[in-house]
Amino acid sequence: MNIPTYSLAERDRRWALAREIMEAEGVQALIVYGEHECADLAPFAPDVYFTNDRPGAIVIFCRDADPIELTWSTLPVADHIEAGRRGETLWMPPERIRVARHAAGVVEVLREHHLETAAVGVLGLDPYPPFHINPIMPHGLWSQVLAELPEVSFRPVGLSYLFATICQSEEELAVVRHAARTGDAMAEAMLAAARPGVSEAEVYAAGMAAAFRRGLAAPGMLLSSGPGFVSWGPPAWSYRPQAPRVIEEGDVVMAEVFCRFGMKETQHQVAIAVGEPHPDIEAGAKVARASYEAGLAAARPGNTFGDVVEAMRAPLSDAGAWNVHPLIHTLNPMGPVCGFGAGLHRLPEAARYGRLFDVPTMGGELPLAPGMTFAFEPNAVIGDHLTNLGGTVVIGKDAPIELNPFTAQLLRSHP
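Let me sum up the structure you'll find in this document. Keep in mind that what you see is a predicted model, and the values were worked out from it rather than measured. (Residues numbered from 1 in each chain as written. Predicted model: local features only at pLDDT ≥ 70, side-chain atom pairs only at ≥ 80, totals over all residues. Heavy atoms only, no water.)

For the chain, the count of helices and strands is ten helices and 16 strands. Against the globule reference of 22 Å for 415 residues, the chain gives a C-alpha radius of gyration of 22 Å, in line with a compact fold. Viewed in the frame of its principal axes, the chain has a C-alpha envelope of about 70 × 45 × 45 Å. The buried share of the chain, taken over its 415 residues, is 55%. For the chain, restricting intrachain contacts to residue pairs at least 6 apart in sequence, the fraction spanning at least 24 positions comes to 72%. Element-wise, carbon and sulfur atoms account for 55% of the exposed surface of the chain, whose accessible area totals about 17600 Å². Of the charged side chains in the chain, 31 are positive and 49 negative, and the gap between their average positions amounts to 2 Å. (Helix = DSSP H or I, 4+ residues; strand = E, 2+ residues; numbered from the N terminus. Rg over C-alpha atoms; globule rule 2.2 N^0.38 Å. Buried < 20%, exposed > 50% of the residue type's maximum accessible area, 1.4 Å probe, protein only. Contact = heavy atoms within 4.5 Å. Areas by Shrake-Rupley, 256 points an atom, 1.4 Å probe, with all protein chains shown as cover. Lys, Arg positive; Asp, Glu negative; His and termini not counted. Charge placed at Lys NZ, Arg CZ, Asp CG, Glu CD.)

Spelled out as structure tokens, the structure:
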């Protein structure tokens, strides 16, 4: 198997983007906060974007100097040493890595470069949907930095980072395609495993194993099964002590599969009908497919993310359906996302809950450009039956590029 990797030219391209962000924002340094390693879905990892190394660092660009990486312990250093012994291409030289992922480490770097009164950009002070609606920067760390450097003007630069990095390079697109192929393999394995008498856990395991055998990271998946449901999330047995559900004839198994390679992610919306599903599932699949096709028609340079959202919503509105989770969102990095939850109030049980509100669409003004990657995940609720399908789509120069047409349909398992 031909495994894509990143070159030093890709490193230099990304470091040049950091300089462009600094220039555009009028800052003399850039602090890049990365979420701790082993974060599961949708990690906040701009640190890895600039280091091509183990997640969980703070990376600091100061003026024209090469970046400095602050790690949380000696463990990443030991990995870096071992990679060097194996002859792997490393982006960060040892002299630029410190075990100092704390406020004192950040302050030390800025003072070394005489930036005590400078303007400094920060990645980590902006919201980062879907999970970090509030900024991820830890209060304890950041309050100490502010106390030590009261004359520094810190500015959030998340939007500039998004615009600078969302269009993938050719090397990055090769990595995305590799992840997308593996995501299809995961879906195929799940389809083969989904039979009456088999538990959800076995279907889950089949998909995960397909990724692991190919050397890709699959950070869990969302999965539900039954004759009909409106829930969406990780299987209940992954967080609550209970047995996995056993699949029955007439069920539908639906999952959101995440496949990650080189910190580039693809997503795959798996819907498997086991035997003959409820008519509302079939109807929902047609609505979701119409939404998918409407999104493809709008996913072209010259349109905005909001244009695609409105196009994908129209078939649901026409059918009197609603969506549980987003119809579409950006990938690599995460950012603009279609609103979701609009319709939960239709369920009779919803009246018993406290404050409920719909999550609005964020980033609708984003102009589409070649190289952007999106998770197309149209989903439609008909009655009490959710149907979900889709995959990863790349914005092309003239037309969108479907990486996963296999999962953009209702798959059928016939025992």
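What follows picks up the thread again.
Cis geometry marks the peptide bond from Pro129 to Pro130; its omega dihedral reads 15°. Among the structural elements, Pro130 can be located in the loop between strand S5 (119–123) and helix H5 (139–148). Residues Asn332 and Pro333 are joined by a peptide bond in cis, for which omega reads 0°. Mapping Pro333 onto the fold places it in the loop between strand S10 (328–331) and strand S11 (373–376). Positive phi, normally seen in glycine, also occurs at Ala42, with a value near 50°. For Ala42, the location among the structural elements is in the loop between strand S1 (29–33) and helix H2 (46–51). The phi angle at Asn52 is positive, at roughly 55°, despite the residue not being glycine. You can call Asn52 partly exposed: its relative accessible area is 32%.

What follows deals with the environment of Lys397. When you line up the elements, Lys397 lands in the loop between strand S14 (391–394) and strand S15 (401–402). Considered as a pair, Lys397 and Gly371 are 26 residues apart in the sequence and their alpha carbons are 8.3 Å apart. In this view, Lys397 contacts Pro301 and Pro370; residues no more than four positions away in its chain are not counted.

Ordered in space as S10-S11-S14-S15, the four strands form an open sheet in which the pairing is antiparallel. Each having just a single partner strand, S10 and S15 make up the two edges of the open sheet. Where S14 meets S15, two bridges bridge the pair, whose relative direction is antiparallel. By the bridge assignment, Val393 is partnered in S15 with Glu402. Helix-sheet contacts for helix H10 (residues 305–319) involve S10 and S11, and the interaxial angle to S10 is about 145°. (Pairing = 2+ DSSP bridges. Axes fitted to C-alpha atoms, helices over the stretch in contact; angles between N-to-C directions.)

Here we come to the side chain of His325. Locating His325 in the fold gives a position in the loop between H10 and S10. The exposure class of His325 is buried, given its relative accessible area of 5%. Side chain to side chain, His325 and Glu377 meet in a polar contact 3.1 Å long. The contacts of His325, once residues within four sequence positions are left out, are Trp232, Gln269, Phe340, Glu377, Asn379 and Asn388. (Polar contact = N/O pair within 3.5 Å; in protein donor to acceptor, adjacent residues only side chain to side chain.)

So, on to the packing of helix H4 (residues 103–112) against H5. Here H4 crosses H5 at 35°, and the two axes come no closer than 8 Å. The crossing of H4 and H5 is right-handed. On the side of H4, the interface is formed by Ala103, Val106, Val107 and Arg111, while H5 contributes Leu141, Gln144, Val145 and Glu148. Broken down by class, the residue content of the contact of H4 with H5 amounts to five nonpolar, one polar and two charged. (Left-handed = near helix turned anticlockwise from the far one by under 90°. Nonpolar A, V, L, I, M, F, W, Y, C, P; charged D, E, K, R; others polar.)

Our next topic: the pattern of salt bridges. Taken as a whole and judged by the stated rule, the model has 18 salt bridges. For Glu37, the salt bridge is made with Arg54, and the minimal N-O distance between the two is 2.5 Å. Residue Glu37 is found in the loop between S1 and H2, and its partner Arg54 is found in the loop between H2 and strand S2 (58–62); the two are separated by 17 residues along the sequence. Relative accessible area serves as the criterion here: at 21%, Arg54 is assigned to the partly exposed category. (Salt bridge = Lys/Arg side-chain N within 4 Å of Asp/Glu carboxyl O.)

So, about the pairing of S14. Moving residue by residue along a regular strand, the side chains alternate between the two faces of the sheet. Pairing of S11 with S14 involves four bridges; the strand directions are antiparallel. Residue pairing in the sheet places Thr373 in a bridge with Val394 of S14. Linking S14 back to S15 in an antiparallel pair, the connection comprises six residues.

Attention now moves to the environment of Asp126. Tracing the chain through its elements places Asp126 in the loop between S5 and H5. For the pair Asp126 and Gly26, spaced 100 residues apart in sequence, the C-alpha to C-alpha distance is 17 Å. Engagement of the side chain of Asp126 in a polar contact is seen with the backbone nitrogen of Val157, the distance being 3.4 Å.

We now examine helix H6 (residues 158–165). Buried within H6 are the following residues: Gly158, Ser160, Tyr161, Leu162 and Thr165. Check the buried side of H6 and you find it contacts helix H1 (8–25), H2, S5 and strand S6 (153–156).

Membership of the largest hydrophobic core comes to 32 residues, with the highest contact counts inside it found for Ile31, Ile60, Leu110, Val145 and Phe154. Of all the secondary-structure elements, those providing two or more residues to this core are S1, S2, strand S3 (68–71), H4, S5 and H5. It is H4 that provides the largest number of residues to this core, a total of five residues. Look past the residues within four positions of Phe154 in its chain and what remains in contact with it is Ile31, Leu110, Val120, Val122, Trp142, Val145, Leu146 and Leu149. Trp91, Met186, Ala255 and Cys259 belong to the second largest nonpolar core, which has 31 residues in total. (Core = buried A, V, L, I, M, F, W, Y, C linked by side-chain atoms within 4.5 Å.)

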